Amino acid sequence: MNQLISKIIQHEGAATIVTYSGGEPHLTATWNSYIELDKTGQLLIPAGGYHKTESNINSGSKLIMLIASKQVAGKQGMGAGLRLTGSAFFVTKGNVFNKTKNRFNWARAILVFTVEKIEQLI
């Protein structure tokens, strides 16, 4: 399934990020092209803001992400979409941060997302 993630993020589209706090969902987004799938299978996402997302994650929230592309074959022809569920943390120093910061100089942190469940929606 990591191959499908890789294919989707190679095509531009919006990626939705959901966390929870106090029973309320918080949504934010990024672009598929900003997401990097590293060799361990984690998703690295530059964070310019994401302060509420970071607070929710630090309070124990899981992260849910939707990624999709009309240019990738899905279940019934062209168009594939995935719901990814897992845990995450933010990095503000070290190799992972420096590598992504070089690509996105505006990033204040890197959201590191460990996908624990993948569901193909389309």
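This text goes with the structure placed above it.
Residues numbered from 1 in each chain as written. Predicted model: local features only at pLDDT ≥ 70, side-chain atom pairs only at ≥ 80, totals over all residues. Heavy atoms only, no water.

**What about the overall build of the protein chain?**
Check the secondary structure of the protein chain and you find three helices and seven strands. Whereas a compact globule of 122 residues would reach a radius of gyration of roughly 14 Å, the protein chain reaches 14 Å, a difference of no more than 12%. Along the three orthogonal principal directions, the C-alpha set of the protein chain runs to about 40 × 35 × 20 Å. Residues counted as buried form 42% of the 122 residues belonging to the protein chain. (Helix = DSSP H or I, 4+ residues; strand = E, 2+ residues; numbered from the N terminus. Rg over C-alpha atoms; globule rule 2.2 N^0.38 Å. Buried < 20%, exposed > 50% of the residue type's maximum accessible area, 1.4 Å probe, protein only.)

**What to know about the pattern of salt bridges**
Under the definition given, this model contains five salt bridges. The residue glutamate 36 makes a salt bridge to lysine 99 at a minimum N-O spacing of 2.8 Å. Taken together, the residues span a long stretch of sequence, with glutamate 36 in strand E3 (residues 36–37) and lysine 99 in helix H3 (residues 95–103) at a distance of 63 residues. In this structure glutamate 36 comes out as buried when scored by relative accessible area, which is 17%. (Salt bridge = Lys/Arg side-chain N within 4 Å of Asp/Glu carboxyl O.)

**Section: the packing of aromatic side chains**
The tally for this structure, following the rule as stated, stands at three aromatic pairs. Taking the centre distance of 4.8 Å and the plane angle of 50° together, the rings of tyrosine 34 and phenylalanine 104 count as tilted. In this pair, tyrosine 34 is assigned in the loop between strand E2 (24–31) and E3 and phenylalanine 104 in the loop between H3 and strand E7 (109–120), connecting sequence segments 70 residues apart. Phenylalanine 104 sits in the buried class, given a relative accessible area of 8%. (Phe/Tyr/Trp six-rings, centres within 6.5 Å; stacked < 30°, edge-to-face > 60°.)

**Let's talk about helix H1 (residues 2–9)**
Within H1, the full set of buried residues consists of Leu4, Ile5, Ile8 and Ile9. The arc enclosing the buried residues of H1, seen along the axis, measures out at 125°, which places them on a common side. Where H1 is buried, its residues meet E3, strand E4 (43–47), strand E5 (63–74), strand E6 (77–91) and E7. (Arc of directions from axis to C-beta. Contact = heavy atoms within 4.5 Å.)

**Structural notes on the pairing of E7**
Judged from the five bridges that link them, E4 and E7 form a sheet pairing that is antiparallel. Each residue of the ladder has a partner; that of leucine 44, found in E7, is valine 112. Pairing of E6 with E7, which is carried by ten bridges, proceeds in the antiparallel orientation. The residue of E7 that forms the bridge with valine 91 is isoleucine 110. (Pairing = 2+ DSSP bridges.)

**A short note on the environment of valine 91**
Mapped onto the elements of the fold, valine 91 is located in strand E6. Counting along the chain gives 85 residues from valine 91 to serine 6, while the straight-line C-alpha distance between them is 22 Å. Setting aside anything within four residues of it in sequence, one finds valine 91 in contact with Phe97, Ala109, Ile110 and Val112.

**A closer look at unusual backbone geometry**
Positive phi, close to 60°, is recorded for tyrosine 50, a residue that is not glycine. Here tyrosine 50 lies in the loop between E4 and helix H2 (51–58). Since its relative accessible area comes to 12%, tyrosine 50 is described here as buried.

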